[in-house]
Amino acid sequence: MKIATFNINGIKARAAALCDWLDAAKPEVVLLQEIKSVDANFPRELFEDRGYNVETHGQKSFNGVAILSKLPLEDVSRGLPGDDGDDQARWIEATVVGKTALRLCGLYLPNGNPAPGPKYDYKLAWMERLHDRARALLAAEEAALIAGDYNVIPQPEDAARPEAWEKDALYLPQSRAAFRRILNLGLTDAFRARHPEPGHYSFWDYQAGAWQRNDGILIDHILLTPQAADLLKDSGIDAHVRGGEKPSDHVPVWAELDL
DNA sequence: ATGGTGGGGATCCCA
């Protein structure tokens, strides 16, 4: 079963590119970020016509996450626990059942720039809540996948020019330490488990010809609990999507699980 | 040091 994460940077602007990729890659499950749409305006028929069940957690103008799945989506929940005052749509969960049950968690982690400042404080607080949720998922000792746009460059080899990101919220030591602390709970990075070498990216800025110069960063990650990691067969990044018509600035990252 | 591009939707915010 192929499960992908894809920050599409606006569903309205990306409907064609997303459908082209779905038709070619045929993933069973897709976790979407930055749909930038309220639930009522999400073009769910586009995906239902292709055999996907659709669950959204949107908001006006910004953020917004969704799950597309050919298998039924059960026990859907919206919003990352830990702060009732947080109204930003950045987290959605659901369960699919294949050979075994798999809990899917889709996330759009705060960007955090400029740092320092209130946006960076929000990012770090959000990562603390993510840590707590990940710990609970691990304690359940079941297969779970926590994937999305983490807005964290975990290590120097995850950037073409790490020195350019030294003062950026995506690469500050505190951001990387918070990510590592979550990983160190016992999660497996599905892409890095199979592709440890440098030079793999999931985001290229629209500006300054970043794609043409391959000036990318790897910030979209798929983390697996041990029970899910045991099912990992393959993983990859569909980088070619960045060279398509009206592309997102991110590309799909996927994992194949024996589910 | 600056400005480079793009989406959303309102005359500016966010990335």
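Just so you know, the residues in each chain are numbered from 1, in the order the chain's sequence is written. Whichever chain is written first becomes A and whichever ligand is written first becomes 1, with later ones labelled in order. Where totals are concerned, whole chains, interfaces and linings use all residues; where local detail is concerned, this predicted model gives features only for residues with pLDDT of at least 70, and gives and counts side-chain atom pairs only at 80 or more. Excluded from the side-chain calculations are hydrogens and water; all other atoms, namely the structure's heavy atoms, are used.

A. A look at the nonpolar core. In these notes, a set of buried Ala, Val, Leu, Ile, Met, Phe, Trp, Tyr and Cys residues joined through side-chain atoms within 4.5 Å is what counts as a nonpolar core. Exposure is judged per residue with a 1.4 Å probe applied to protein chains only, and the accessible area is read against the type maximum: over 50% gives exposed, under 20% gives buried, and values in between give partly exposed. If you look at the biggest cluster of nonpolar residues, it comprises 53 residues, and the most contacted ones within it are Leu18, Trp21, Leu32, Phe47, Leu102, Leu104 and Leu145. Working definition: helices are DSSP H or I runs of at least four residues, strands are E runs of at least two. Numbering for both runs from the N terminus. The biggest single contributor to this core is helix α1 (residues 11-25), with six residues. Whether two residues touch is decided by their heavy atoms; if any such pair falls within 4.5 Å, the residues are in contact. Residue contacts for Leu32: discarding those within four places in its chain leaves Phe6, Ile8, Leu18, Phe42, Gly64, Val65, Ala66 and Leu68. Within the second largest apolar cluster, 21 residues are counted, among which are Trp91, Val152, Phe179 and Leu223.

B. Representation of the environment of Leu257 within the structure. The topology assignment puts Leu257 in strand β14 (residues 253-257). Using a relative accessible area of 0% as the deciding quantity, one classes Leu257 as buried. Separated by 240 residues in sequence, Leu257 and Ala17 place their C-alpha atoms 25 Å apart.

C. Representation of the UniProt feature "site: Transition state stabilizer" (unreviewed entry) in chain A within the structure. The UniProt feature table records "site: Transition state stabilizer" (unreviewed entry) at Asn151. You can see Asn151 is positioned in the loop between β8 (144-149) and α4 (173-183). When residues no more than four places from it in sequence are discounted, the contact partners of Asn151 are Tyr108, Leu109, Pro110, Asn111, Lys123, Ala169, Leu170 and Ile219. Whenever two N or O atoms come within 3.5 Å, that pair is a polar contact, provided that in protein one can donate a hydrogen and the other can accept it, and provided that, for residues adjacent in sequence, both atoms are side-chain atoms. Of the polar contacts made by the side chain of Asn151, one reaches the backbone oxygen of Leu109; its length is 2.8 Å. UniProt positions are given in the numbering used here, feature names are shortened, and annotations may be inferred rather than shown by experiment.

D. Quick look at the sheet that holds strand β2 (residues 29-33). When DSSP finds two or more bridges between a pair of strands, those strands are recorded as paired. What the six strands build is an open sheet, ordered β3-β4-β2-β1-β14-β13; its pairing is mixed. A single partner strand is all that each edge strand has here, and the edge strands are β3 (53-57) and β13 (232-237). Strand-to-strand twist of the sheet, defined as the mean angle between neighbouring strand axes without regard to direction, takes the value 15°. Bridge count between β13 and β14: five bridges; the pairing is antiparallel. Bridge pairing links Leu232 to Leu257 in β14. In this analysis, axes come from line fits to C-alpha atoms, helices being fitted only over the stretch in contact, and the angle between any two N-to-C directions falls in the range 0 to 180 degrees. This element, α1, spans β1 (2-7), β2 and β4 (65-69) of the sheet and lies at about 165° to β1.

E. Structural view of the packing of helix α3 (residues 118-139) against α4. Taken N-terminus to C-terminus, the directions of α3 and α4 make an angle of 10°; their axes are 9 Å apart at the nearest point. As the angle between them shows, α3 and α4 are arranged roughly parallel. Each of Tyr120, Lys123, Leu124, Met127, Glu128, Leu130, His131 and Ala134 in α3 lies in contact with α4, whose residues at this interface are Gln174, Ser175, Ala178, Phe179, Arg181 and Ile182. Under the scheme applied here, ten amino acids are nonpolar (Ala, Val, Leu, Ile, Met, Phe, Trp, Tyr, Cys and Pro), four are charged (Asp, Glu, Lys and Arg), and all others, including Gly, are polar. Its residues assigned to classes, the contact of α3 with α4 comprises eight nonpolar, three polar and three charged. Any angle that falls under 35 degrees is termed roughly parallel, while one over 145 is termed roughly antiparallel, one within 65 to 115 roughly perpendicular, and all others oblique.

F. Highlighting the side chain of Glu34. Considering the arrangement of structural elements, one finds Glu34 in the loop between β2 and α2 (44-48). One buried charged side chain, Glu34, makes no salt bridge at all; its nearest oppositely charged neighbour is Lys36, positioned 4.0 Å away. Aside from chain neighbours lying at most four places away, what touches Glu34 is Asn7, Ile8, Asn9, Gly10, Ile11, Asn63, Gly64 and Tyr108. Residues scored as charged are limited to Lys and Arg (positive) and Asp and Glu (negative), so that His and the chain ends carry no count. Salt bridges, as used here, are contacts in which a Lys or Arg side-chain nitrogen is within 4 Å of a carboxyl oxygen on Asp or Glu.

G. Just α1, in detail. Relative to the 21 Å expected for 15 residues at 1.5 Å per residue, α1 spans just 18 Å between its end C-alpha atoms, considerably shorter than the ideal helical length. For a residue, the bend is simply the angle between two axes, fitted respectively to the seven-residue segment ending there and the seven-residue segment starting there. At Ala17, α1 shows its maximal bend, which comes to roughly 35°. Contacts made by the buried residues of α1 are with β1, β2, α2 and β4. Directly beyond the C-terminal end of α1, a positive phi value near 50° is found at Lys26. Expected helix span is taken as 1.5 Å per residue step, with the number of steps being one fewer than the number of residues.

H. Representation of unusual backbone geometry within the structure. Cis rather than trans, the peptide bond between Asn113 and Pro114 has omega equal to -5°. Structurally, the position occupied by Pro114 is in the loop between β7 (101-108) and α3. A cis amide bond links Ala115 to the next residue, Pro116, at an omega of 0°. Locating Pro116 in the fold gives a position in the loop between β7 and α3. In this structure, Asn9 is a non-glycine residue whose phi angle is positive, near 50°. With respect to the element layout, Asn9 can be found in the loop between β1 and α1. Among the residues examined, Asn9 registers a relative accessible area of 15% and is labelled buried. Despite not being glycine, Asn214 shows a phi value in the positive range, around 50°. Summarising the element assignment, Asn214 is placed in the loop between β10 (203-204) and β11 (216-217). Relative accessible area serves as the criterion here: at 37%, Asn214 is assigned to the partly exposed category.

I. Spatial organisation of the UniProt feature "site: Important for catalytic activity" (unreviewed entry) in chain A. Annotation from UniProt places "site: Important for catalytic activity" (unreviewed entry) at Asp220. Mapped onto the fold, Asp220 is located in strand β12 (residues 220-224). For Asp220, a relative accessible area of 1% translates into the label buried. Contacts of Asp220, omitting those with residues within four sequence positions, involve Asn7, Gln33, Gly148, Asp149, Ser202, His250 and Val253. In terms of polar contacts, Asp220 uses its side chain to reach the side chain of Ser202, at 2.7 Å.

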